[in-house]
Amino acid sequence: MKALILVGGLGTRLRPLTINTPKAMMPVLNRPFMAHVIDHLRKHGVDEIILTRGHLAKQMESYFGDGSKLGITIRYIDESRPLGTAGGIKNCEQYLNDTFFALNGDVFSTINLTEMLKAHRGKGAVATIALTPVENPSAFGLVETESDGRIKRFIEKPKPDEMTTDMINAGCYILEPEVLGYIQHDTVTSIERETFQSLLKNHRPFYAYNDRESYWIDMGNRDKYCQLNMDMLTGRCPCPALSSGVQTGEGTVVDSSAKLEGRVVVGNNCRIGAGVTIAGPAIFGDNCTISDNSFIGNAVFWNGVKVGNNSSIDNSILADNCLVSECSRISTSALADGVFIPSSMILIDSQIWPGTILSN
Ligand code: GDD
Ligand code: MG
């Protein structure tokens, strides 16, 4: 079974973190987001993955290669320009000659794809969309269905007076190659706004797979990215790689007077100094240093982050190689890679672009 993953977006809502790191490669529990998605696909029998590339695509290829280390085949297909969600799928037509999964590349879910495929085949559908409930469907594709699961209406980004259900497009489809016939070649096309509408107009067998139970998140903004990290850390989203409590990697040294509370994951070769308090949930990548008497709470640190003495960081994301000098305070902020914070600086609700060197 093949799965096509749409990873062509620019990750605009995750800036500045996505300036130098594609959304799919942002670390979630110290692994690229896409690695978690691929794990789930493999569990459900997917053995070939097509990644439709765009922004900073080379990073994905250098990490995953041809997939052989994972026992699967990974193919990378370039788009000369962003072709939209349907155009990106059409662009891979030569590899799509049988039933396939198509996924939005920023969604993580534990949807039972095996059951979904059974339902798709049972109905004789040309397209099946997984649906998940959300509190507010306005940022999603709202999907109205008949009692037998057939799709009645698909409204992308519904207006307040169009909110007739809480069930939305989970960004996970099973498609037959027939659907490609409804998309023009080399043309910017949206699957949500155009292709699905064509299937409805032509009365094709187009079904929903309702899933109210599984974990589901679109990690396309900073709050959701943090939430996914914390949900995996705390077990709200099942992550088999994780043991309970505090987990430290190889070569990591934690001073005996440091206090690590709640769920904390520390990567390899980190140093946690004397008198440090870490209030989980908190995640540290490899080669991080937290110097004496600093406080870190509810934070995601990527690799190589260094924090000086007596600093405090909460509710924040610090990307690779950020350097926070002593006696600083950072709260509810996102620092892209290579940011320098001088001593005694206070930063609240800030987003700092890569490589920025702040001064007092
Ligand atoms: N290859 C390619 N080319 N991929 C693209 C392009 C493109 O031109 N444009 C967007 N994508 C990818 C993005 O990288 C992302 O993984 C996915 O398509 C969806 O785009 P988003 O920009 O994240 O859309 P959204 O979150 O506003 O809405 C979509 O997802 C919701 C579920 O999270 C829609 O599919 C909604 O209907 C759905 O409910
Ligand atoms: Mg999205």
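Note: the structure precedes this text.
These lines cover the structure that appears in this document, whether it is placed above or below. Along each chain, residue indices are assigned from 1 in the same order as the chain's sequence is written. To label them, take the chains in the order written and letter them from A, then take the ligands in the order written and number them from 1. The predicted nature of this model means local features are confined to residues of pLDDT at least 70 and side-chain atom pairs, given and counted, to a pLDDT of 80 or more, with totals for whole chains, interfaces and linings taken over all residues. In computing side-chain properties, one takes all heavy atoms of the structure into account and sets aside hydrogens as well as water.

## Quick word on the site of ligand 1
Heads up, the condition is: Put simply, a residue is near a molecule or strand once any heavy atom of it comes within 4 Å of that molecule or strand. In the analysis that follows, any N or O atom pair within 3.5 Å is treated as a polar contact, provided that within protein one partner can donate a hydrogen and the other can accept it, and provided that, for residues neighboring in sequence, both atoms belong to side chains. For every accessible area listed, the method is Shrake-Rupley and the probe measures 1.4 Å; residues are considered covered only by the protein chains on display. Secondary structure elements follow DSSP: runs of H or I no shorter than four residues count as helices, runs of E no shorter than two count as strands, and numbering proceeds from the N terminus.
In the neighbourhood of ligand 1, 26 residues make up the surrounding shell, with Glu-79, Gly-84, Glu-156, Asn-169 and Glu-192 lying closest. Residue Asp-218 places a side-chain N or O atom 2.7 Å away from an oxygen atom belonging to ligand 1. Isolated, ligand 1 exposes 730 Å² of accessible area, and the fraction of that covered by the protein chains is 89%. Of all the secondary-structure elements, those providing two or more residues to the shell around ligand 1 are helix H3 (84-90), strand S10 (151-156), strand S11 (167-175) and strand S13 (216-218).

## As for the environment of Asn-97
We count it as follows: Exposure classes here rest on a 1.4 Å probe applied to the protein chains alone. A residue is buried below 20% of its type maximum, exposed above 50%, and partly exposed in between. Note on contacts: a residue pair qualifies if any of its non-hydrogen atoms lie within 4.5 Å across the two residues.
Its location among the elements puts Asn-97 in the loop between H3 and strand S6 (100-104). Judged by relative accessible area, Asn-97 falls into the exposed class, the value being 61%. Spatially, the C-alpha atom of Asn-97 lies 10.0 Å from that of Leu-180, the residues being 83 residues apart in sequence. For Asn-97, the contacting residues outside a window of four places in its chain are Lys-2 and Pro-177.

## Remarks on the coordination of the magnesium ion (ligand 2)
Counted only if it meets this: Keep in mind that water is not among the atoms, so a site may look incomplete; donors are the N, O and S atoms within 2.8 Å of the metal, or 3.2 Å for Na, K and Ca.
Coordination sphere of the magnesium ion (ligand 2), protein contribution only: Asp-106 (OD) and Asp-218 (OD), at 2.2 to 2.3 Å. Here Asp-218 lies in strand S13 and Asp-106 lies in the loop between S6 and strand S7 (107-109), a separation of 112 residues in the sequence. Exposure remark for Asp-106: the relative accessible area of 10% places this residue in the buried category.

## Examining the sheet that holds strand S24 (residues 323-324)
Worth spelling out the cut-off: A pair of strands is labelled paired if DSSP reports no fewer than 2 bridges between them.
Strand order in this open sheet of 6 strands is S15-S18-S20-S22-S24-S27, and the pairing throughout is parallel. The sheet is open, and its two borders are formed by strand S15 (253-254) and strand S27 (340-341), each paired with just one other strand. The pairing of S15 with strand S18 (residues 271-272) spans 2 bridges and is parallel. Its bridge partner being in S18, Val-253 is matched across the sheet by Arg-271.

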